[in-house]
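An overview of the molecular structure
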Amino acid sequence: HVLDLLVRGQVDAFVLLAVTLGWWSILTHRPLVLSLALCVMAIKPVNVALAGLLYLLAIRHWSRRDIATVLSIPIIVLIISILMAGADWPLRYIQYARDYPVPNRHRSIDIWDIASTIGLPRWPVLFVAAIAIFAFLREAWHEGVTLWTVSLALVTNFAFTYYASGYHYVLLIPALLLVASHSRV
């Protein structure tokens with residue numbers, strides 16, 4: 001599936017690599033590598049936001065210099081994007097997406113679309129999402145970065161993301177590996 005993503009030009013395989021690189025960089029205390037991983041994860045932040053938050057929680061006890069190093073590349077890229085596209089580029093992106101929806105958009109596989117399809121209001125889903133995210137944050141705060149918490153971050157993120165197509169689910173490989181490693185079959 002990862003090779004298929006690369007052939008079709010999808011960047012989700014690179015985001016998966018960045019999640020893995022971020023995990024490794026925290027375990028081996030490599031701030032510059034984590035900085036690069038966070039920058040690559042920002043390519044598709046919607047589906048890895050909780051993993052990024054996990055990584056930021058994990059470095060809360062690092063030195064200020066190391067934290068500054070971790071934030072350096074993402075901040076530099078943000079400054080460059082503001083200089084190239086203007087400070088309002090996120091707002092313009094959202095407005096453009098509203099004004100010019102993608103023609104023949106394929107169906108997103110997410111809980112929000114399912115809820116609207118069956119006529120369920122959004123507030124119960126939002127309530128359950130808030131509880132799940134709170135539970136994840138509590139676990140992440142106590143456990144730190146482990147294969148379990150990285151997997152939990154990705155699975156929780158995908159359970160409540162507002163945009164997930166089939167090829168996005170390649171990011172669940174760490175969770176599948178965790179389950180497979182504990183399987184007796």
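What you see is a predicted model, and the numbers here were worked out from it, not measured in a lab.

**Here we look at the overall build of the chain**
If you tally the helices and strands in the chain, you get ten helices and zero strands. Across the chain, helices and strands are ordered from the amino to the carboxyl terminus as α-α-α-α-α-α-α-α-α-α. Counting all 185 residues of the chain, 33% fall into the buried class. Residue pairs at least 24 apart in sequence account for 68% of intrachain contacts in the chain once pairs closer than 6 positions are excluded. Carbon and sulfur atoms form 71% of the exposed surface of the chain, whose accessible area is close to 11,800 Å².

**Description of a nonpolar patch on the surface**
Taken together, Leu-56, Leu-71, Ile-75, Ile-79 and Leu-83 make up a surface patch of nonpolar side chains, about 460 Å² in accessible area. Per element, the largest residue contribution to the nonpolar patch is four residues, and it comes from helix H5 (residues 64–85). Accessibility expressed as a relative area gives 33% for Leu-71, which makes it partly exposed.

**Quick word on the nonpolar core**
Counting 28 residues, the largest nonpolar core has Leu-34, Met-41 and Tyr-55 as its most contacted members. Listing elements by their share of this core, those giving two or more residues are helix H2 (12–27), helix H3 (31–41), helix H4 (49–58), helix H8 (122–143) and helix H9 (147–160).

**Remarks on the packing of aromatic side chains**
Considering all chains together, one arrives at zero aromatic pairs under this definition. The lysine or arginine in question, Arg-60, covers the ring of Trp-141, its NZ or CZ lying 3.8 Å from the ring centre.

**Describing the pattern of salt bridges**
This structure, assessed with the given rule, holds two salt bridges. Among the ionic pairs, Lys-44 bridges to Asp-12, the shortest N-O distance being 3.2 Å. Of this pair, Lys-44 sits in the loop between H3 and H4 while Asp-12 sits in helix H2; the two residues are 32 residues apart in sequence, bridging distant segments of the chain. Of the charged contacts in the structure, one is a salt bridge between Asp-88 and Arg-92, with a shortest N-O distance of 2.9 Å.

**Points about the packing of H8 against H9**
One can describe the packing of H8 onto H9 by two numbers: an axis separation of 10 Å at closest approach and a directional angle of 170°. It follows from the interaxial angle that H8 and H9 lie roughly antiparallel. Of the residues in H9, those in contact with Val-125, Val-128, Ala-129, Ala-132, Ile-133, Phe-136, Glu-139, Ala-140 and Glu-143 of H8 are Trp-148, Thr-149, Leu-152, Ala-153, Thr-156 and Phe-160. Looking at the contact of H8 with H9, its residues break down into eleven nonpolar, two polar and two charged.

**So, the packing of H4 against H9**
At a closest axis distance of 7 Å, the pairing of H4 and H9 adopts a crossing angle of 145°. Where H4 abuts H9, its residues Ala-49, Leu-50, Ala-51, Leu-54 and Tyr-55 lie against Thr-149, Val-150, Ala-153, Leu-154, Thr-156 and Asn-157. Among the residues making up the contact of H4 with H9, the classes are represented as eight nonpolar, three polar and no charged.

**Quick look at the side chain of Asp-66**
Mapped onto the elements of the fold, Asp-66 is located in helix H5. Despite being buried, Asp-66 has no salt bridge partner; Arg-65 is the closest side chain of opposite charge, sitting 5.4 Å away.

**Observations regarding H2**
Between its first and last C-alpha atoms H2 spans 23 Å; for 16 residues at 1.5 Å apiece the expected length is 22 Å, and the two agree. All of the buried residues in H2 are Asp-12, Ala-13, Val-15, Leu-16, Ala-18, Val-19, Gly-22, Ser-25 and Ile-26. One or two positions beyond H2, positive phi appears at His-29, with a value near 55°.

**Observations regarding the side chain of Thr-149**
By secondary structure assignment, the location of Thr-149 is in helix H9. On the basis of relative accessible area, Thr-149 is assigned to the buried category, the value being 0%. There is a polar contact of 2.8 Å between the side chain of Thr-149 and the backbone nitrogen of Thr-146. Not counting chain neighbours up to four residues away, the residues in contact with Thr-149 comprise Leu-54, Phe-136, Glu-139, Ala-140, Glu-143 and Gly-144.

What counts and what doesn't
- Residues numbered from 1 in each chain as written.
- Predicted model: local features only at pLDDT ≥ 70, side-chain atom pairs only at ≥ 80, totals over all residues.
- Heavy atoms only, no water.
- Helix = DSSP H or I, 4+ residues; strand = E, 2+ residues; numbered from the N terminus.
- Buried < 20%, exposed > 50% of the residue type's maximum accessible area, 1.4 Å probe, protein only.
- Contact = heavy atoms within 4.5 Å.
- Areas by Shrake-Rupley, 256 points an atom, 1.4 Å probe, with all protein chains shown as cover.
- Patch = residues over 30% accessible without salt bridge, like charges linked within 9 Å, V, L, I, M, F, W, Y side chains within 5 Å.
- Salt bridge = Lys/Arg side-chain N within 4 Å of Asp/Glu carboxyl O.
- Core = buried A, V, L, I, M, F, W, Y, C linked by side-chain atoms within 4.5 Å.
- Phe/Tyr/Trp six-rings, centres within 6.5 Å; stacked < 30°, edge-to-face > 60°.
- Lys NZ or Arg CZ within 6 Å of the ring centre and 35° of its normal.
- Axes fitted to C-alpha atoms, helices over the stretch in contact; angles between N-to-C directions.
- Parallel < 35°, antiparallel > 145°, perpendicular 65-115°, else oblique.
- Nonpolar A, V, L, I, M, F, W, Y, C, P; charged D, E, K, R; others polar.
- Lys, Arg positive; Asp, Glu negative; His and termini not counted.
- Expected span 1.5 Å × (residues − 1).
- Polar contact = N/O pair within 3.5 Å; in protein donor to acceptor, adjacent residues only side chain to side chain.

Just geometry here; none of it tells us what the structure is for.
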